[in-house]
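Remarks on the overall topology
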Amino acid sequence: MQFLLDNFWDLSVTGLTQGAIYALIALGYTLVYGVLRLINFAHSEVFVTGTFASIFVLHAFGLGSDDPVPSAGMVVLYIAAAAVGAMVASAATALVVERVAYRPLRRRNAPPLVFLISAIGASFAISEAFGVLVDRNNVRVPNLIEPQTQFHLFGASVNNRQLLIVAAAIVMMLCLDQFIRRTRLGRGIRAVSQDPDSAALMGVNKDRVIALTFILGGLMAGGAAVLYDLQFGVTRFNAGFVLGIKAFTAAVLGGIGNLRGALLGGLLLGLMENYGSAIIGSEWRDVVAFVFLIVVLMFRPTGILGESLGKARA
Amino acid sequence: MSEDRMLDVRDVTLRFGGVTALDGVSFHIDRGEILGLIGPNGAGKTTCFNVMTGVYQPTSGSVVFDGRKLGRRKKHQITRLGIARTFQNIRLFPEMTALENVMVGADARHRTSVLSALFRLPRHRREEREGRERALALLDLVGVAHRAEETARNLPYGDQRRLEIARALATGPKLLCLDEPAAGFNPAEKAKLLELIRRIRDDGYTVLLIEHDMRLVMGVTDRIVVLEFGKKIAEGAPAEIRDNPAVIAAYLGVPEDAA
Amino acid sequence: MTISDRLGLADRLRALDDRRVQLVTRPRQWWNGLPKPVQWVAFGAFAVLLVLLPILDPPILSTPDSDFPTVLFIVGVYCLAALGLNIVVGLAGLLDLGYVGFYAVGAYSVAVFGSPSSQLATAYPWLVCVPIAIALAMVAGVVLGAPTLRLRGDYLAIVTLGFGEIVRLTALNSGVLGGAAGISDVPAPPGELADGSRLFGVIDAKPYYWLALGLIFVIVAASRNLERSRVGRAWLAIREDEDAAELMGVPTFKFKLWAFAMGAAVGGLAGAVFAGQQGFINPESFIIQLSILFLAAVVVGGAGNRLGVVVGAILVAYLPERFRELAEYRILVFGLALIVMSVFRPQGLLPSRRRAVELAARQDQVEAGVNV
């Protein structure tokens, strides 16, 4: 307990950093849930694809895992390139999953459980494909950022990497929020979320909206993947599993289908994990996360903010 | 007098946020009668059912059934007290057979535990047999017996409506609440349905009938309660209701002060 | 394409589907038409064949790269677990992604109460441990279910997923449960051979397979009894329309809790049998992916259909072992197979009993000249 009090702000900063990544991935779950009312179980692999794609891009630039950190200008270029690569790859994966594993089932009006099985199949297949590709080894990320403390916040040191991650996550979420609120395509997503049948009657092309939703979720997951690579410096073919569960937990925590809920849930989950593991030990981190989820759902059965992207269908 | 009361709805008000769905509604149903509950769309008829069956808790007021206040009883407990209902938009168990649908209703009167089902103890076997016989008899009563083994999803529309009635009767109710049972029926089907309702009453059940179509209600009910915008605007014998200016205004959509 | 073309296509698809149902229904009708004694003899012969399977070691079925009886035993454990999960998912329609948690509770109960190397003072024999394992798994089911069963489907899914992880991480992080190293010397079922060696030994997995087989028969019979009772009807009604079920007098919460408890009990039993055969368990054996495999077994065969679930479990557990030479790719192929299966056979491999009964009824009517 003393450790928590002594390091409260340090723990908060790391918790928020972690939570920002959860939140970005959670957005993908929430978006798809909003329009299709199903858990896109393969979203974790959409994320993993991004973590590999950004490394492949960096390798293509000739960066090795043990090379020193390049000059500042080049770092910006490299990160931008990696981000583009990861986002494109993740969005493409999401789209392929939609086409191959979901759309045929929608056409056949399959029961929800079957969507889940199909998604699980896609998840296994993608993750294993990477496993085979890299011989199930860890893949290290070239060094791009040397963490340096930038300033102190209530006595907690904040480094450049943490700043970048939180800032990038916030910018991406703002862009998504504006896109969904302001653009015609975004209105389509909201319309389908709220009432798919009326939306179809009003001339919204449901298939296109669904595809767009998967792409948006993929873009966010790709962004999260680059930030994850920067933060942890290593990825694995099965890295998505735990992260996917956490992100989904974050989405449910905030109220699935609710974009702001995903943000809130992600940040809260990151914070609670850090505080909890400070109190009872870091090996209990995941247990803290799940117990927190169960307790919240007992009192707020549809998450903290409720389901609002579309109203819950009875 | 209270001996004859089946159900007493006392000054029931129900609000959702700022919307008042029911506003001080009171009426009663006597044992063995067929009461019609009518009113234009959105008048609060189905909401009234939902309060009586425990789906909603009234904001104020109370419902007394067979001498007992419903209070905060759960939905399934109210069913076991003896109120059964059908649904305006049919809600059968689509992947179960017609027979199984009715047996679910009959199970409301059964007492076998999970363990006696697991080991097929004698009481379980006896109840299974009785439930099955009762369900078949009820399917026969509503005229769906020849489709007992078909899944509810695949039954024709009219059979689905009649199956709902059989399922509700299987729970062994004292009061049967029918929510627009004739919706979508042609005149011939409606006539047969009225006959069925009368037969159900003659078998000793009390019936509460929601119907949109006034002419239909006139033919079968003993008494009618009219709702509009969540308020009771009239109550009386069918003949009185037919000539009631407020009712006519409500149905023709004329504002009350103009009527 | 005109509308009538579309209608024609729909009819053809329906006819195709009916043919598939017939393919399963005909043998079933033929079987039901046989006289009772013939049925018993045929059933007995089939049972004997199953019992002799590990001794016959048939060339095509046999697994060249791993011990065949052990593979059969593992397949049996999967069948048990899938039968238990089928009660929760297939019958009551509750999406449980953390079923491995109950399996782990069962396995760890046997290990903690039975192993001399656990920290408990007395090491109880296997036969005492198994009822404890089942009881504790049921308690776990009720403890998890009571606060969470009011949640809607997808929320329940993530909560159960979390539960599965909580169980594994608790085992991993607490000393009493052996931590990452696990617990060894898990007791085996009793029994001795004529030469004084143990019946349930380390080398020969055949007795374990027979044990699992016997338990499968028991569980199939038990879940059949439940399914054909008011309990099974209540579960189906809850799956179909929970609110309507409640309004028809079904105490939905109570029966959902029972589904969880029954499913958990079978899962605990499967875990207890598994732990006995392994003789050693650690958290590695209870990863969440196993939950997903169990779920896949249930859905692949046709959720709610006992025979289908057994077939699904056999596919999920056996195929990867049979094709071990493709070890590198087997999960990849398995994943692709799940997608293909979902797309082309969304109702599972076997149609449900209801679907078959219904088709039979339709045929009867056609034969009787009733216009359908």
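Located above this text is the structure these notes cover.
A cluster of basic residues, Arg120(B), Arg125(B), Arg129(B), Lys36(C), Arg224(C) and Arg228(C), forms a positive patch at the surface. With respect to the helices and strands, the residue Arg120(B) is situated in the loop between helix 4 (114–118) and helix 5 (122–142). By relative accessible area, which is 34% here, Arg120(B) ends up partly exposed.

Here we come to unusual backbone geometry. The phi angle at Arg136(A) is positive, at roughly 60°, despite the residue not being glycine. Among the secondary structure elements, Arg136(A) is positioned in the loop between helix 5 (112–133) and strand 1 (139–140). Relative accessible area serves as the criterion here: at 25%, Arg136(A) is assigned to the partly exposed category. Although it is not a glycine, Asp11(B) adopts a positive phi angle of roughly 50°.

All names here are of chain B. The strand order 2-1-4-5 describes an open sheet built from 4 strands, whose pairing is antiparallel. Each edge of the open sheet is held by one strand with a lone partner, namely strand 2 (19–30) and strand 5 (68–69). One ladder, built from 2 bridges, connects strand 4 (residues 60–65) with strand 5; its direction is antiparallel. Looking at the pairing, valine 64 lines up with lysine 69 of strand 5.

Ranked by internal contacts, the top residues of the largest apolar core, which has 218 residues, are Leu24(A), Phe47(A), Ile120(A), Tyr103(C), Trp235(C), Phe286(C) and Leu295(C). Sorting elements by how many residues they give to this core places helix 3 (residues 68–91) of chain C first, with 17 residues. In contact with Ile120(A), other than residues within four places in its own chain, are Phe41(A), Ile292(C), Leu295(C) and Leu338(C). Counting 37 residues, the second largest nonpolar core, distinct from the first, contains Leu92(B), Ile165(B), Leu169(B) and Leu178(B).

If you walk through the whole model with that rule in mind, you get 37 salt bridges over all chains. Here Asp159(B) ties to Arg162(B) by a salt bridge, and the two come within 3.2 Å at their closest N and O atoms. With Asp159(B) and Arg162(B) both in helix 6 (residues 157–170) and 3 residues apart, the pair spans about one turn of that helix. Look at Asp159(B) and you get buried, because its relative accessible area is 8%. For Arg162(B), a relative accessible area of 16% gives the class buried. When salt bridges with common partners are traced through the structure, they connect Glu98(A), Arg103(A), Arg106(A), Arg107(A) and Asp207(A) into a single cluster.

Counting residues at the interface gives 31 residues for chain C and 38 residues for chain B. Both sides of the chain C and chain B interface together cover about 3,200 Å² of buried area, and 59% of this is carbon and sulfur. The interface formed by chain C and chain B holds 5 salt bridges in total. If you list the elements that add at least two residues to the side of chain C that touches chain B, you get helix 7 (206–227), helix 8 (230–240), helix 9 (242–247), helix 10 (252–278) and helix 14 (353–367) of chain C. Counted by class, the side of chain C that touches chain B contains 16 nonpolar, 4 polar and 11 charged residues.

Right, let's get into the sheet that holds strand 8 (residues 206–210) of chain B. Within a sheet, each strand pairs with its neighbour through backbone hydrogen bonds, oriented either parallel or antiparallel. Residue and element names in this part refer to chain B. Read across the sheet, 6 strands follow the order 6-7-8-3-9-10 without closing on themselves; strand pairing throughout is mixed. Of all the strands in the sheet, the pair left with one neighbour each is strand 6 (83–85) and strand 10 (231–236). Averaged over neighbouring strand pairs, the angle between their axes works out to 20° when direction is ignored. Bridging between strand 9 (residues 223–228) and strand 10 involves 5 bridges; their strand directions are antiparallel. Bridging from a neighbouring strand, leucine 227 pairs with lysine 232 of strand 10. Across the face of the sheet, helix 7 (residues 187–202) comes into contact with strand 3 (34–38), strand 7 (175–179) and strand 8 while running at roughly 150° to strand 8.

Analysis parameters
Residues numbered from 1 in each chain as written. Chains lettered and ligands numbered in written order. Predicted model: local features only at pLDDT ≥ 70, side-chain atom pairs only at ≥ 80, totals over all residues. Heavy atoms only, no water. Patch = residues over 30% accessible without salt bridge, like charges linked within 9 Å, V, L, I, M, F, W, Y side chains within 5 Å. Areas by Shrake-Rupley, 256 points an atom, 1.4 Å probe, with all protein chains shown as cover. Salt bridge = Lys/Arg side-chain N within 4 Å of Asp/Glu carboxyl O. Lys, Arg positive; Asp, Glu negative; His and termini not counted. Charge placed at Lys NZ, Arg CZ, Asp CG, Glu CD. Helix = DSSP H or I, 4+ residues; strand = E, 2+ residues; numbered from the N terminus. Buried < 20%, exposed > 50% of the residue type's maximum accessible area, 1.4 Å probe, protein only. Pairing = 2+ DSSP bridges. Core = buried A, V, L, I, M, F, W, Y, C linked by side-chain atoms within 4.5 Å. Contact = heavy atoms within 4.5 Å. Buried area = accessible area lost by both parts, 1.4 Å probe. Nonpolar A, V, L, I, M, F, W, Y, C, P; charged D, E, K, R; others polar. Axes fitted to C-alpha atoms, helices over the stretch in contact; angles between N-to-C directions.

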